[in-house]
Amino acid sequence: MENLIRKQLLQALTKIKQRPSAKWFIDPIDTKMKGFNNFKGKLETPMDLTTIERKLKNNKYKTVHEFKKDLDLIWENSQKCCIEDSITSILALDMKQYADNLLMYISDNPQVDWVNKLMFLQEKLSDSVKSINTSSTNNNKRKSTSTLCISNEDDEINPKNGIEFSYEELVKLRKDIESLNGETEKTEIAECIKLREPKLIGRKTTVSLNLGKLEPQTICDLIDKVSELKNKQV
């Protein structure tokens, strides 16, 4: 086995041993422990992570296949010895899946491994780009179909909320706004409010007009905007 491949396997094995579930498989299986069935006799080929690490460091594996075969032997032995659905049996399945994923792109042919991993990354990147494009398209659709408008509800106009306008001026402004029937005009009114007080509208598509809640400068802007819109109608 090439030194580069052995180094990759050692790195993968280190990660496998660091997984919390691995502590059950560091040393040879003790069939006397709770959770094992009445296993009679000895395992034909006992195996554990410590033994695999020692063999790997001593260059006992000629191929990656031999290394993977010993790893699989650990999980297989655990299934043979353990009661079905026991903790050890479940952990063995978890460890097998984790180890298989780590070793997916490590074989005796590094060139093939590199190509396979590159293809996998390209596929993942392509999926990510598609997801971003789909999300962007959906957002654009929502933006294009969402119309900001003002609902003309009969909210009470309160001249005592610090607004420096007379009650008559506020009533007139309210009536002038209600006289604007076009959706475009209502949208411009809403945008005028949003420009001064964005938190008041946020992402709402329907806004109840309550002049008593607006700041004085917003009222001034509204008066100018309504005057501008009414002049356009003439």
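Since we're looking at a predicted model, the values are computed, not measured.

Student: Looking at this structure, how should I read the overall build of the protein?
Tutor: When helices and strands are counted, the protein shows nine helices and two strands. If you list the helices and strands of the protein from N to C, you get α-α-α-α-α-β-α-α-α-β-α. A separation of at least 24 residues holds for 70% of the contacts in the protein among residues at least 6 apart in sequence. Just so you have it, the protein exposes about 15,700 Å², and 51% of that area is on carbon and sulfur atoms.

Student: Teacher, can you tell me more about the confidence of the model for the protein here?
Tutor: Regions with low pLDDT carry predicted coordinates that are not meant to be interpreted in detail. Chain-level statistics for the protein give a pLDDT mean of 76 and a share of 66% at 70 or above. Residue range residues 141-163 is modelled with pLDDT below 50. Its contacts to residues more than four positions away, or to other chains, number 53 contacts.

Student: I'm lost on the side chain of Arg174 in this one. Help?
Tutor: For Arg174, the location among the structural elements is in helix 6 (residues 167-178). Assessed through its relative accessible area of 5%, Arg174 is described here as buried. In terms of polar contacts, Arg174 uses its side chain to reach the side chain of Glu178, at 2.9 Å.

Student: Can you walk me through the environment of Leu180 in this structure?
Tutor: Of note, Leu180 is situated in the loop between helix 6 and helix 7 (183-196). For the pair formed by Leu180 and Leu229, sequence separation is 49 residues and the distance between their alpha carbons is 8.2 Å. Setting aside its immediate chain neighbours within four residues, Leu180 contacts Glu185, Lys186, Ile189, Leu229, Lys230 and Gln233.

Student: Explanation requested: the packing of helix 2 (residues 49-57) against helix 3 (residues 64-81) in the structure shown.
Tutor: The description of two packed helices rests on the angle between their axes and on the distance between the axes. Closest axis-to-axis distance for the helix 2/helix 3 pair is 10 Å, and the angle between their directions is 170°. Compared by their axis directions, helix 2 and helix 3 come out roughly antiparallel. Of the residues in helix 3, those touching helix 2 at Leu49, Ile52, Lys55 and Leu56 are Phe67, Asp70, Leu71, Ile74 and Trp75.

Student: Can you walk me through the side chain of Glu53 in this structure?
Tutor: Relative to the helices and strands, Glu53 is located in helix 2. Judged by its relative accessible area of 18%, Glu53 falls in the buried class. Ignoring anything within four residues of it in the chain, the contact list for Glu53 reads Leu13 and Lys17.

Student: Looking at this structure, how should I read the nonpolar core?
Tutor: Where a protein is soluble and globular, its nonpolar side chains tend to be buried together. In terms of nonpolar packing, the biggest core is built from 25 residues, with Leu49, Phe67 and Leu71 touching the most fellow members. Where this core is concerned, the elements lending two or more residues are helix 1 (3-18), helix 2, helix 3 and helix 4 (87-102). Residue contributions to this core peak at six residues, all from helix 3. The residues contacting Leu71, other than those within four sequence positions of it, are Ile16, Leu49, Ile52, Ala99 and Leu103. Grouped together as the second largest cluster of nonpolar side chains are 12 residues, Ile189, Ile193, Leu214 and Ile219 included.

Conventions adopted
Residues numbered from 1 in each chain as written. Predicted model: local features only at pLDDT ≥ 70, side-chain atom pairs only at ≥ 80, totals over all residues. Heavy atoms only, no water. Helix = DSSP H or I, 4+ residues; strand = E, 2+ residues; numbered from the N terminus. Contact = heavy atoms within 4.5 Å. Areas by Shrake-Rupley, 256 points an atom, 1.4 Å probe, with all protein chains shown as cover. pLDDT = per-residue confidence, 0-100. Buried < 20%, exposed > 50% of the residue type's maximum accessible area, 1.4 Å probe, protein only. Polar contact = N/O pair within 3.5 Å; in protein donor to acceptor, adjacent residues only side chain to side chain. Axes fitted to C-alpha atoms, helices over the stretch in contact; angles between N-to-C directions. Parallel < 35°, antiparallel > 145°, perpendicular 65-115°, else oblique. Core = buried A, V, L, I, M, F, W, Y, C linked by side-chain atoms within 4.5 Å.

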